Amino acid sequence: MIALEHLVKQYGTFTAVDDVNLEVAPGEIHGFLGPNGAGKTTTLRMIAGLLKPTSGRIIVNRHDLAAEPEAAKASLGFIPDRPFIYEKLTAGEFLRFHAGLFGIDGNGVGTRVREMLELFELGRWEHELVEAFSHGMKQRLVMGAAFLHRPQAVVVDEPMVGLDPRGARLIKDVFRRMSQRGVAILMSTHTLEVAQEMCDRISIILKGRIIACGTVQELRDLAGGGDAHLTEVFLKLTGGSGLQEVDEFV
Ligand SMILES: Nc1ncnc2c1ncn2[C@@H]1O[C@H](COP(=O)(O)OP(=O)(O)OP(=O)(O)O)[C@@H](O)[C@H]1O
Ligand SMILES: [Mg+2]
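Keep in mind the model is a prediction, meaning the values are calculated, not measured. Numbers given to residues run from 1 along each chain, matching the order in which its sequence is written. Following the order in which they are written, the chains are lettered starting with A and the ligands numbered starting with 1. It should be noted that, the model being predicted, local features are given only for residues of pLDDT at least 70 and side-chain atom pairs only at 80 or more, the latter also being counted only at that level, while totals for whole chains, interfaces and linings use all residues.

Tallying secondary structure elements over the chain gives ten helices and ten strands in all. To get the radius of gyration, use the C-alpha atoms; to get the globule rule, take the number of residues to the power 0.38 and multiply by 2.2 Å. For 250 residues, the compact-globule estimate of 2.2 N^0.38 gives 18 Å, and the C-alpha radius of gyration of the chain, at 19 Å, lies within 12% of that figure. The principal-axis extent of the C-alpha atoms belonging to the chain is close to 60 × 45 × 35 Å. Here exposure depends only on C-beta density: within 10 Å of a residue's C-beta, 20 or more other C-beta atoms make it buried, 12 or fewer make it exposed, and intermediate numbers make it partly exposed, the C-beta atoms being placed from the backbone. Residue burial in the chain is summarised as follows: out of 250 residues, 35% are buried. Within the chain, contacts between residues separated by at least 24 positions form 68% of all contacts whose residues are at least 6 apart in sequence. What counts as a helix is a DSSP run of H or I of at least four residues, what counts as a strand is a run of E of at least two, and both are numbered from the N terminus. Residues are scored as being in contact if the C-beta atoms we place from backbone atoms lie within 7 Å.

In structure tokens, the structure reads:
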């Protein structure tokens with residue numbers, strides 16, 4: 001599970017994340033939607049322990065991140081929007097390096113690394129240098145690293161960017177399977193089809209504040225009912241369809 005309580009992040013006088021409360025239950029896939037600059041990455045980086053909140057509390061799998069950072073981080077997988085992978089490692093080396101960071105060693109490592117390579121369809125690439133990988137392959141490798149230590153909560157920033165349909169389907173299937181095993185997943189995305197299809201609940205953040213939270217149907221009801229596509233609901237809730245602005249220029 002992941003719980004955020006009155007989470008705030010200020011940069012000088014600018015408040016990037018403004019009193020955010022959010023809960024992702026075990027087994028839930030929770031979508032984190034919002035326009036560019038709304039505060040999604042800032043929030044996710046705070047949960048991953050990479051940014052220190054100005055105030056508020058973050059609980060990961062019952063561990064308070066400020067009080068028990070190691071236990072909290074050990075139970076979390078984080079997939080950043082722009083991951084860094086040292087290009088001179090092979091896929092297998094990268095995953096073993098990652099296992100070491102999480103204190104996984106001994107006989108289990110090799111088996112677990114191969115499981116992740118198979119799951120993310122990188123089995124053939126175990127001994128190839130990352131520098132030869134396509135964007136989608138790197139993305140899948142980073143996901144493999146995030147799931148390697150069997151985290152009970154996973155935070156993903158923009159998982160579908162640049163993935164081909166097969167890669168996107170693979171990631172969706174993996175997320176679904178992990179959630180069925182009780183993993184809590186918090187996922188930011190601009191791909192509203194993905195959010196509508198996959199997420200049990202969605203939170204919409206605007207200028208650092210959560211302005212709506214619920215199932216797709218609950219968000220539709222908030223936006224005036226009907227069976228509108230999530231894109232319409234999103235635009236309505238975040239203010240303006242943009243069409244008027246377009247009209248002024250064409
Ligand atoms: N280090 C920083 N110093 C000052 N302002 C920052 C810093 N990092 C982020 N911000 C600001 O915080 C706000 C939120 O940024 P954030 O990256 O969290 O947005 P986002 O919702 O992830 O957007 P996108 O959809 O474009 O990825 C933005 O206005 C951004 O300019
Ligand atoms: Mg972002």
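The next thing to look at is the sheet that holds strand 9 (residues 201-206). Any two strands with at least two DSSP-identified bridges between them are counted as paired. With mixed pairing, six strands are arranged side by side in an open sheet as 6-7-8-3-9-10. Looking along the sheet, the strands with just one partner apiece sit at the ends: strand 6 (76-79) and strand 10 (209-214). Between one strand and the next, the sheet's axes are offset by a mean angle of 15°, whatever the strand orientation. When strand 7 (residues 153-157) meets strand 8 (residues 184-188), the two strands line up parallel, connected through five bridges. Opposite Val154, over in strand 8, you have Ile185 as the bridge partner. Lines fitted to C-alpha atoms define the axes here, with helix axes fitted over just the stretch in contact, and angles between the N-to-C directions of these axes take values from 0 to 180 degrees. Taken strand by strand, helix 6 (residues 165-180) contacts strand 3 (29-33), strand 7 and strand 8, and its axis lies near 145° from that of strand 8. In this fold helix 9 (residues 230-238) packs onto strand 3, strand 9 and strand 10, with an angle of close to 35° to the strand it touches most, strand 9.

Just distances and angles here, no functional claims.
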